[in-house]
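What follows is each chain in one-letter form.
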Amino acid sequence: MQKKVMTSIKLQKKLHQRLQQRIIEDGYGMRGKSKWIIESIESLLTLSDYPTLVDIAEDMDQLSDMVSIRVPETLMVRIEQAIVHVRKQYPKLEGVKSNLIRASIMQRLLRQSASVTEA
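Computed from a prediction, not measured in an experiment: that's the story for all the values here. (Residues numbered from 1 in each chain as written. Predicted model: local features only at pLDDT ≥ 70, side-chain atom pairs only at ≥ 80, totals over all residues. Heavy atoms only, no water.)

**A word on the nonpolar core**
Point 1. Of all hydrophobic cores here, the largest spans 33 residues; its most connected members are W36, I37, I41, V54, I79, L100 and I105.
Point 2. Secondary-structure elements contributing two or more residues to this core are β1 (4–12), α1 (13–25), α2 (33–44), α3 (50–57), β2 (63–72), α4 (73–89) and α5 (96–110).
Point 3. Setting aside residues up to four positions removed in sequence, L100 forms contacts with I41, L44, L45, V54, I79 and A82. (Core = buried A, V, L, I, M, F, W, Y, C linked by side-chain atoms within 4.5 Å. Buried < 20%, exposed > 50% of the residue type's maximum accessible area, 1.4 Å probe, protein only. Helix = DSSP H or I, 4+ residues; strand = E, 2+ residues; numbered from the N terminus. Contact = heavy atoms within 4.5 Å.)

**Describing the packing of α4 against α5**
Point 1. Across the interface, α4 lies against α5 with an axial gap of 10 Å and an inter-helix angle of 105 degrees. Compared by their axis directions, α4 and α5 come out roughly perpendicular. Taken together, the residues of α5 that come into contact with α4 (itself represented by M76, I79, A82, I83, V86 and R87) are V96, K97 and L100.
Point 2. In the contact of α4 with α5, the residues fall into seven nonpolar, no polar and two charged. (Axes fitted to C-alpha atoms, helices over the stretch in contact; angles between N-to-C directions. Parallel < 35°, antiparallel > 145°, perpendicular 65-115°, else oblique. Nonpolar A, V, L, I, M, F, W, Y, C, P; charged D, E, K, R; others polar.)

**What about α3?**
Point 1. Here α3 has its buried residues at Y50, P51, L53, V54 and A57. An end-on view of α3 places all buried positions within 160 degrees of arc, on one side of the element.
Point 2. The secondary structure elements touched by the buried residues of α3 are α2, α4 and α5. (Arc of directions from axis to C-beta.)

**Examining the confidence of the model for the protein chain**
Point 1. Per-residue pLDDT for the protein chain has a mean of 91; in total, 92% of the residues score no lower than 70.
Point 2. Here residues 114–119 is a poorly scored stretch, pLDDT under 50, and it has seven contacts once near neighbours within four places are set aside; other chains count. (pLDDT = per-residue confidence, 0-100.)

**Concerning a negative patch on the surface**
Point 1. A surface patch of like charges, here negative, comprises E58, D59, D61 and E94.
Point 2. Judged by its relative accessible area of 47%, D61 is partly exposed. (Patch = residues over 30% accessible without salt bridge, like charges linked within 9 Å, V, L, I, M, F, W, Y side chains within 5 Å. Areas by Shrake-Rupley, 256 points an atom, 1.4 Å probe, with all protein chains shown as cover. Salt bridge = Lys/Arg side-chain N within 4 Å of Asp/Glu carboxyl O. Lys, Arg positive; Asp, Glu negative; His and termini not counted. Charge placed at Lys NZ, Arg CZ, Asp CG, Glu CD.)

**Here we look at the environment of I9**
Point 1. Tracing the sequence through the fold places I9 in strand β1.
Point 2. When the C-alpha positions of I9 and N99 are compared, they lie 8.5 Å apart, and in sequence the two are 90 residues distant.
Point 3. Excluding residues that lie within four positions of it along the chain, I9 makes contacts with D65, M66, V67, S98, I101, R102 and I105.

**Notes on the packing of α2 against α5**
Point 1. Direction vectors running N to C along α2 and α5 enclose 95 degrees, while the axes themselves pass 8 Å from each other. By the criterion of interaxial angle, the relationship of α2 to α5 is roughly perpendicular. Residue-level contacts link W36, I37, E39, S40, I41 and L44 of α2 to L100, I101, A103, S104, I105, Q107, R108 and L109 of α5.
Point 2. For the contact of α2 with α5, the class distribution of residues is nine nonpolar, three polar and two charged.

Now the structure itself:
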């Protein structure tokens, strides 16, 4: 069994509600929140312009809802590498890991809904 690392981010209340609704709509159930977010992070990291999307996520305000997820250690290593990559382009950016996770959630919410059963 792969070791997992717990991490937390803050989201806007509306974004958090949309996230919960989408997780259920996509067929993951509330226990599938971490899996849904992990898939969104993996998807974001495949995009060539992900550092720009992470920078855009920096502009979010009113981050009131705390969301905790369990991330596989291998993905956490990829996130750490992505943080270095983003910091090279945006050296003054704060909270890169949280912004990266927020950007991945926003990108997946923006894309067309596809349920687990359809895949």
